Structure formats: C-alpha cells, structure tokens
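One letter stands for each residue in the lines below.
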Amino acid sequence: MMSYHHDGRDVGSRVSGAGSMAADKAGDEKAPPLDLSHHFSFVSRNRLPNEMKKYYKLFQIPGIGNIAGGLPNVQFFPFDTLEAKTAKPERWEPTPNYPENENASTCGSSKSGDDPQASAKLAIPKILHETDITKKIDLETALQYGQAQGYPPLLKWIREFTRENLHPNVPYKDGPEVTLVCGSTDGFSKTLDVFVDAWNPEWHDVRDRPGLLCEEIVYPGILNQSKPRGVQIVPVQSDEHGMLAHGQGSLEDVLENWNPEKGLRPHLMYTVTLGHNPSGRVLPMERRKQLYAVCSKYDVIIVEDEPYWYLQYPSAATEEAKSRGQPLPIEEVITEEEEDDDDEFQQSLMVDSVYWHRQYLNSAIQKVQSRVRGRGADQSSSETPQPRKVSSGYEFLDSLQPSFLSVDTDGRVVRLDTFSKTIAPGCRLGWVTAAPAIIEKFIGVSESSTQQPSGFVQAMVAQLIMGPQEPAASSQKSTLSLTSLFGGGSDSSSSPIPSSTSSSQGWKKDGWIRWLEGLRGQYERRMIRMCRILDSGSSIVRSSVPASRRDNDCLVITKTPIFDYSWPRGGMFVWVRLLFETHPLWQAPWQSFVPPAAASFCSPPPISLSFCQEQRKSKTKMKKTDDSKQQEKQKQDPALIGGASLSAALMLYLTQKPHLVLVSTGALFSANETIAAEDGWRYFRLCFAAVGEEDVDATSQRFVDGVHAFWRVKDPRVIKKLLEPITGGKSAATTAVSLTGQGEGTYAQAQAAEEEGMESIVTRKMVGLDVTGKMGC
C-alpha cells in the first residue's frame, strides 16, 4: 500500500496506523512520526523562528544585567495580587463510569467533614520567591512578555497531563508535544495557517483550490473560518455512529473518486468525534481505526476538535431503552442468536455498544466480548499495530472513548482542546496536541500573531488546577526574579514590591479529574431529564369513535409522530428531527384554507393504531409511511407549503408566548447549501447545558408543548404571518431570525413570492443565500 500527497505524488511506502505500518520486530520499539512537511503552507514553510528565543537561556544567568529586552519593569504593574473564591472540585456529584456494573462505585466523594458547596481561596502574589520557572506562579511572570508556547507552569502541567493521563497510548516515538492557544477557535485558525494556502478565484487555477473534509453536519464556525480562505468544503456522509469510512459517499469514496478538475484532493479533515456538535454522537473505536486507515492511505491530516471529550454518557443507551420501553442494550447482546456470518451483530457490538471498550465489565459482558473476539479474529490484519494499553491512572479517563491520537502511528493527528467547556468560555484558553514538528509550526504562527494567551487567565487557571507548588530548595540570595532577568530594573529584594509565598488552595491533578467527573454527572443528569420529556411528547395521540355504527364497540386511537431523535452519547446537544411530513399543512397550497370545523387533524396519519374492545384487544397494527431518501429529496412545488417554510415558521413560533423557546435550526450546521436545502431544515438542535438547573424541565416541556400546538395549525395564513421577517414583512421575531443567520428579506421579495413561490424564498434564506443566489455573509 502506498501513501499519497494530496496532488497524487507518492510520499513513501511507509503507511501508518490502522492499515499499514508494522511494529518493530521486537514488538516494543515505536517508530518516529512521518515527515508531513509537504503539507505545510507556503507561509508556514517560510516563517523563520523568533531570534529573541536565542536570548532566553542567557536571561537566566544569575545576576545578569538585562538591557537587551524591551520589557516593562514589574514594579510598574498596577496589580499587587489576583484573588478569587473558587469552587471545590467535589462541588458536583459524579455519575458512575460503568453503570452496567452493579458493584461500580460513584467516585470522588468529598472528604469527611468538608462542605463540597463551600468556596476555596485562590490568590496569586505579585512576586513569588521561586527559582523554578515551571513552579513560579505570580504576576511578575504572568503579566510579563513570555514564550509563545505558553506560560511555563501551565504549559508543563498540560504537557504532562496530556502525555501521561489524557493520551498515554500515542504510538509514535517520543510522543506528542503541546502548545497553548487562545481557545479551539484560535487553534483551528492556526491549523489553517499551518496547512492551507489561501486560494482566490481571480488569481488561482481552480485545480489548485484546497479542500476541507468534514461531516455533512458541522460546527458552523469552522465554515466561517475556512471559506474566506477559498477552502472548498467537502462533506462526507455519516450514519448514527459518525463519519463513514467505506461505502457510497464515505471518506474512502470521496477521496478515491476525487475529480482533480474541481480542486486539489483534500489533505485536511475536520471532525468532532467525542460528543459531536450538533448530533451528540461518540465515534466508536472500530470506526475510528477505519477512518484513520483511509486518511493514512490518502495522506490526510486529521484535525480532531474535542471540546466535549469528557462529556461521554455511559448510561445513555440504557436510559434510552428504559424510557422507550425497549430491551436493554446488554440484554439484546446476550440473547442475540449465534450467527457466525451476521455482520450486523458484529457491528452492533464493536460499534454501537458502549460496553465494548470498557475495562471493568461484569461476567455476562465478558462472555460476549470473548465471543465477538473469536468471530472477528480473522478481520484483524497482522500488519495492524496495536497501541500499548497504558492506563491513564484514573478510572474516569480510562472509561472514556479514546482520541484518534491512540492510533496515530503516522503523527498525522492534530488535536484541539479547550478550557471553554471545563472552566469558562471567556478564558479563551486551550491547547493543541500533535507531533513535535507540527507543534513547532504552530508556535511559529503564535510568535507572529497572538503570542501566548492572556497572562491573567493562564495564571488563574494554573493556580486553580495545579495548586501550591513545593518550593525549590534555595537561599534568598540565589532567588531569581524576572525583574532582574528581563526588566532591567532593581532586584525584587530591594524594591518595595509586595512579595509572598503562595497560600492558595488548588485542585491538583486529582481534584481536576474529580471536577471533570462532577461536570459529566451534572450534564448527564440534565440530558436524561430533557430526553425523557422529549420522549413523552414525540407523538400526538388522538382518540375518536368510528363513523360506522357497525364499529361502535371500537375506539380508534391515532398516534402521529411529530419528531424523533437518538439520545446523545456525549456533548451538550440533542439533535431532533422534525417529521414535517406529518403536519396538516405539509404540501398544502399556500392560497388554500379549509375552515377548522371541516379540517381533519392530519390526512392521512403516518401511524395509526386501532384498538377494538372485542376483536383487537391484544394486537396492534402499525402502518409506516415511505420515508425513502429519494422521496425526501424531491423538488418542492413552489405553490405548496414545504419543509423549509414549516421549519422556519416553527422556529419563530416557539419564540412567542407562551412557549418562549429558542432553538438552532439545522440549516446552520449544514456543510453546504445543498445539504441545508435538502435536509438541514428537518433538524433542530436543543442544548440542555445553557438554561438554569431549575429551567431544564420547564424549557423542555415548553418545546414539546410548542411543537404540539404548531401541529394544530391548519391555516396557511398563520405560516405566512410567521414568515414575514424572512419574506419581507416586519415582526417582533426578527431578532430570533437574525440569530439563525437567515437575515431579513425585502418588500420586493414578498411581492415576488406569488410568482416565484414562498418555499423558494424561505429555502434561500435558510441556507444563507441572498436574492441573487450568491453566498451571503
């Protein structure tokens, strides 16, 4: 098997990962990461290191009179201390890591006598007398110019946590490096700087246009960063588990059949695999290996953005089954018939079951694992390297689905992490993990742009998660300060600057993991509460007496599903599919109106259940509508009310009293306009993290009630009125429309609606197009 550059050039016969690179003969030695410098952008290849870095080691000579650097003197910083009251790491109650294990304990209970709800003190002095710069957390160092890679104490801590605990099984030699960035958004922006040459249609050949692979539904911020650089967005089809590696529309299909006339074959893939935004999927390990093998074959860099990695919900599958009256997942696995050639059975265990990759399983699950391992033994290639299973040292981390880094034998994975979801978004602090040669390029970008993240934030976060450091053994005479190193002023020992030793109470690594456990517990309970309420209202049930006198002893019960979804396995969102085909106004003429007294509730109902007191006591018959992909994508008649109009109308309807719920429309997350027009309008994203604890149930119920009420709308004039902000009218809901990125139309559009069709206008607005059909802002 050969590996290729994105324009087709061979880059060597050593291919990695799940597909190719065999381990050393001894079976123990790791190979170094591949040289992927051919993927670096023109600017990145030509960017030179900062010459001032050469001086840094000279700055640390004791007693040096530093008049080289242009650094302000610490005594003129107007801050003497930074202080805050912080939460204890035990504030939130965790959920079990292995809920299927009856003997599993809930980890991390608070210490005896401690109040987990009480606050702790955090204080950062102006000068801390510490000679080790990786332990020196004070304002003298935090507020001074520093190295672009990050604040030394925090950088060291994150590096150790990343290499030893978060990703202990990276399979290339010497492991990954890290650099601090201003959050994941900044991390991805720098990723584009490192790997992408900007493309302009006025200057460049279309065949040189770069591309970005991603799922069909994707975080829109990525599109906003990529498109202005001329990057072509290349969507890859997904299923309920995540991006497809093989088959029609899969990653392999897209790359194998790439047409070079429409641009360079993409060499960059963006994905969120652990709590995908917006779908809530967690990519199974087997699929992860398959995708990695394809990326290795076609020489694709994997950009793994994981802000929700710690929010994986082990109870989701079981709680979903309980809520919906379905067999529990583990019961299905154990009672499944032994069919050696049943690929679906193997896939369900290897991909769907959340129990497959866990370390502590009860005896029944272990039997199933043994059975499947026996069946699937012939599927594993002898060339496939198996990463060494090194524990993270924490049960919570071991219980989580691992990163692409765990199979990254090539060194082609760039992982983006952030404190936005673990501490606060306003921190604007995160880090990038990748092979050392790639991290060097990221540091170069930071040196010429943002420098390191905010010193205030880095110092506060460092003190919070690291805690007080053991002081280095040294005398006062040898104490070194950055004033003497960098500032060119008096030594701190002779200046009237406040100095002290640290008295803060920090979390340390155990506390940090405990905090993450508690956050996962809080969000998992919120998710369960919202989903149970959604389950209870996913259908409308109506009862009636048959018109025929012969059936007077029967009661006809009609059950109309109005939305469906899968419980999220991770993240902060529920991805709801609205079944607009069951709405009374689906495909109804815009100009028609049947008086309510004569209108049927829904004609015909997609699912009807008839219960006859005498003849049908124990039987239920269900008729399902044909929901084929081909039928879903048929072109809408502009004279008829279609899905985009109903979707936009419902979104606006929910913002009105008494419902007062704001959702995100699926069009926002569509990788391109075609996907938005064909499927994006079918979905709403609901966030169970944003509202207050006391409002989770109430907001979820108002959403359900609002959807039910909207399904009782039978007058097209109501839909038209709701859509006025989009089609040219004025409405109080304009603010809500702007939040969806749809914009506001013009009066001329409203006048043209009669000729062009309301659906066409709404569709363009929902997918971000203006009147002329060009891409909007």
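Conventions we followed
- Residues numbered from 1 in each chain as written.
- Predicted model: local features only at pLDDT ≥ 70, side-chain atom pairs only at ≥ 80, totals over all residues.
- Heavy atoms only, no water.
- Pairing = 2+ DSSP bridges.
- Helix = DSSP H or I, 4+ residues; strand = E, 2+ residues; numbered from the N terminus.
- Contact = heavy atoms within 4.5 Å.
- Axes fitted to C-alpha atoms, helices over the stretch in contact; angles between N-to-C directions.
- Patch = residues over 30% accessible without salt bridge, like charges linked within 9 Å, V, L, I, M, F, W, Y side chains within 5 Å.
- Areas by Shrake-Rupley, 256 points an atom, 1.4 Å probe, with all protein chains shown as cover.
- Salt bridge = Lys/Arg side-chain N within 4 Å of Asp/Glu carboxyl O.
- pLDDT = per-residue confidence, 0-100.
- Phe/Tyr/Trp six-rings, centres within 6.5 Å; stacked < 30°, edge-to-face > 60°.
- Buried < 20%, exposed > 50% of the residue type's maximum accessible area, 1.4 Å probe, protein only.
- Lys NZ or Arg CZ within 6 Å of the ring centre and 35° of its normal.
- 1 Å grid on protein atoms, 1.4 Å probe; cavity = no way out; pocket = protein on both sides within 12 Å on 5 of 7 lines; lining within 4 Å.
- Points joined across faces, edges and corners; volume = space filled by probe spheres on them.
- Nonpolar A, V, L, I, M, F, W, Y, C, P; charged D, E, K, R; others polar.

(A) Region of interest: the sheet that holds strand β19 (residues 664-665). Here we have 4 strands laid out as an open sheet, ordered β16-β17-β20-β19, and antiparallel in their pairing. A single partner strand is all that each edge strand has here, and the edge strands are β16 (563-564) and β19. Sheet topology places β16 next to strand β17 (residues 573-578); 2 bridges connect them, and they run antiparallel. The residue bridging Phe563 from the neighbouring strand is Leu578, located in β17. Along the sheet face, helix α17 (residues 508-536) touches β16, β17 and β20 (683-687) and points at about 15 degrees away from the line of β17.

(B) Representation of a nonpolar patch on the surface. Together, Met52, Tyr55, Leu58, Ile61 and Ile64 make up a nonpolar patch on the protein surface, roughly 400 Å² of accessible area in all. Looking at the element boundaries, Ile64 is found in the loop between α2 (56-59) and β1 (81-87).

(C) The arrangement of the confidence of the model for the chain in detail. On average, residues of the chain score 78 in pLDDT, and 68% of them are at 70 or above. Scored below 50 in pLDDT, residues 331-388 makes 84 contacts in the model with residues more than four places away or belonging to other chains. When the criterion is pLDDT under 50, residues 595-634 qualifies, and its contacts beyond four places in sequence or with other chains add up to 61 contacts.

(D) Quick peek at the packing of aromatic side chains. In total, this model carries 20 aromatic pairs according to the counting rule given. Between Phe710 and Trp711, the ring centres sit 6.2 Å apart and the planes meet at 65 degrees, which makes this aromatic pair edge-to-face. What makes Phe710 buried here is its relative accessible area of 0%. An aromatic cluster is present here, built from Trp157, Phe161, Phe419, Trp431, Trp507, Trp512 and Trp515 joined pairwise through their rings. The cationic tip of Arg288 hangs over the ring face of Phe404; the distance from NZ or CZ to the ring centre is 5.0 Å. A cation sits over an aromatic face here: Arg685 above Phe573, 3.9 Å from the ring centre.

(E) Structural view of the pairing of strand β10 (residues 301-305). By the criterion of burial, β10 is predominantly enclosed, with 5 of the 5 residues buried. In β10, alternate side chains face the same way, and those of Ile301, Val303 and Asp305 on one face and Ile302 and Glu304 on the other are all buried. As judged from the 4 bridges shared by strand β9 (residues 268-271) and β10, these two strands associate in the parallel manner. Each residue of the ladder has a partner; that of Thr271, found in β10, is Glu304. Where β10 meets strand β11 (residues 413-418), 4 bridges bridge the pair, whose relative direction is parallel. Opposite Val303, over in β11, you have Val414 as the bridge partner.

(F) Molecular detail of empty space enclosed by the protein. Inspection of every chain in the model, using the stated rule, returns 3 cavities of 30 Å³ or more. If you add up the space inside the largest cavity, you get close to 70 Å³. If you list the elements that add at least two residues to the lining of the largest cavity, you get β8 (242-243) and β9. When its residues are assigned to classes, the lining of the largest cavity shows 5 nonpolar, 5 polar and 2 charged.

(G) Examining the pattern of salt bridges more closely. As enumerated under the stated definition, the model contains 26 salt bridges in all. Of the charged contacts in the structure, one is a salt bridge between Lys126 and Asp80, with a shortest N-O distance of 3.5 Å. Here Asp80 lies in the loop between α2 and β1 and Lys126 lies in the loop between β2 (119-125) and β3 (127-128), a separation of 46 residues in the sequence. Taking relative accessible area as the criterion, Lys126 reaches 3% and is therefore assigned buried. On the accessibility criterion, Asp80 (41% relative accessible area) is partly exposed. The network of salt bridges with common partners includes Arg288, Glu304, Arg415 and Asp417.

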